[in-house]
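Spelled out, the chains give:
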Amino acid sequence: MKMLPDTWSISPLVRLDFTDQAAWGRLLEAVGRASEEGLVANLSIVDDPAFDGAAPQLLRAAVVPNRFGPMVFFAADRRSLADRGYPVLVIDLMKGRPEFRCAASELWAVENNLNIANMDWEDFVRASDESGVFRGFA
């Protein structure tokens, strides 16, 4: 598999599904909106058909090793583009913990807090809804 671009310390958002360009645009729009506090996810967008249909396990191996790199990266698969809220797959790079999903509008919270170790992976998993999607803290 092709290696992901070296984003140094910025979390990549990798597009894995190329069937709906309009949905991809809406997902990017949602991810780019600032929170009420003005916070946004610091992302490197990877929109390369070479990753079409790639499995999360393979993506982990496609990350350029970098000890100063991000703790987490994100993937937009078919479910991300089709389901309500655009639930992006969240993939752990450090400990290989099981993935969870995050609504695109809340990606800033996951990216900001995990990359600076302000919160733990489990904080987001526990706050996820019954479908396994983190939609924010109530």
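The model shown is predicted, which means the values in this text are computed figures rather than measured ones.

**Student:** Whenever I open this one, the sheet that holds strand E1 (residues 11-15) confuses me. Can you help?
**Tutor:** Taken in spatial order, the six strands of this open sheet run E2-E1-E3-E4-E5-E6, and their pairing is mixed. Strands with a single pairing partner mark the edges of an open sheet, and in this sheet they are strand E2 (43-46) and strand E6 (133-134). Strand direction decides the pairing type here: strand E3 (residues 72-76) and strand E4 (residues 87-92), joined by four bridges, are antiparallel. Note on E4: the bridge partner recorded for Ala75 is Leu89. Packing against the sheet, helix H1 (residues 21-32) makes contact with E1, E2, E3 and E4, and its axis sits at approximately 160° to E1.

**Student:** Sorry if this is basic, but what is going on with the nonpolar core here?
**Tutor:** A general trend in soluble globular proteins is that nonpolar side chains are found buried together. Membership of the largest hydrophobic core comes to 26 residues, with the highest contact counts inside it found for Leu13, Leu27, Phe74, Val90, Phe100 and Val110. When near neighbours in sequence (up to four residues on either side) are disregarded, Phe74 contacts Ser11, Pro12, Leu13, Val14, Leu43, Val88, Leu89, Val90, Leu107, Val110 and Glu111. Formed by twelve residues, the second largest nonpolar core is a distinct cluster that contains Leu4, Phe51, Ala62 and Ile91.

**Student:** Quick question: what am I supposed to make of helix H4 (residues 107-115) here?
**Tutor:** Helical geometry note: an α-helix holds 3.6 residues per turn, so side chains three or four residues apart project in the same direction. The buried fraction of H4 amounts to seven of the nine residues, a majority that puts the element mostly inside the structure. Within the span of H4, buried status applies to Leu107, Trp108, Ala109, Val110, Glu111, Asn113 and Leu114. Looking at the residues trailing H4, positive phi occurs at Ala117, about 55°.

**Student:** I tried to follow the side chain of Glu106 on my own but got confused; where do I start?
**Tutor:** Here Glu106 is to be found in the loop between strand E5 (100-103) and H4. For Glu106, which is buried and forms no salt bridge, the nearest opposite charge comes from Arg135, at a distance of 9.5 Å. Contact partners of Glu106, with chain neighbours within four places excluded, come to Phe134, Arg135 and Gly136.

**Student:** Can you help me understand the pattern of salt bridges in this one?
**Tutor:** Under the counting rule described, the total for this entry stands at ten salt bridges. A salt bridge links Arg79 to Asp83, with the nearest nitrogen and oxygen atoms 2.8 Å apart. Judged by relative accessible area, Arg79 falls into the partly exposed class, the value being 30%. Ionic contacts of the salt-bridge type, sharing partners, join the residues Asp92, Arg97 and Glu122 into one network.

**Student:** Please explain the pairing of E3 as it appears in this structure.
**Tutor:** Within E3, five of the five residues are buried, which leaves it mostly tucked inside the rest of the structure. Along E3, one buried face is formed by Val72, Phe74 and Ala76 and the opposite face, lined by Phe73 and Ala75, is buried too. Of the pairings in the sheet, the one linking E1 to E3 comprises three bridges and is parallel in character. Bridge pairing in E3 links Arg15 to Ala76.

**Student:** Can you walk me through H1 in this structure?
**Tutor:** For H1, spanning twelve residues, the distance from its first C-alpha to its last is 17 Å, which sits close to the expected 16 Å at 1.5 Å a residue. For H1, the set of buried residues is Ala23, Trp24, Leu27, Ala30 and Val31. Along the axis of H1, the buried positions cluster into a sector of 125°, meaning they face one direction only. Exposed side chains of H1 directed beyond 90 degrees from the buried face belong to Gln21, Glu29 and Gly32. Its side-chain oxygen 3.2 Å from the backbone nitrogen of Ala22, Asp20 forms the N-cap of H1.

Conventions we followed
Residues numbered from 1 in each chain as written. Predicted model: local features only at pLDDT ≥ 70, side-chain atom pairs only at ≥ 80, totals over all residues. Heavy atoms only, no water. Pairing = 2+ DSSP bridges. Helix = DSSP H or I, 4+ residues; strand = E, 2+ residues; numbered from the N terminus. Contact = heavy atoms within 4.5 Å. Axes fitted to C-alpha atoms, helices over the stretch in contact; angles between N-to-C directions. Core = buried A, V, L, I, M, F, W, Y, C linked by side-chain atoms within 4.5 Å. Buried < 20%, exposed > 50% of the residue type's maximum accessible area, 1.4 Å probe, protein only. Lys, Arg positive; Asp, Glu negative; His and termini not counted. Salt bridge = Lys/Arg side-chain N within 4 Å of Asp/Glu carboxyl O. Expected span 1.5 Å × (residues − 1). Arc of directions from axis to C-beta. Polar contact = N/O pair within 3.5 Å; in protein donor to acceptor, adjacent residues only side chain to side chain.

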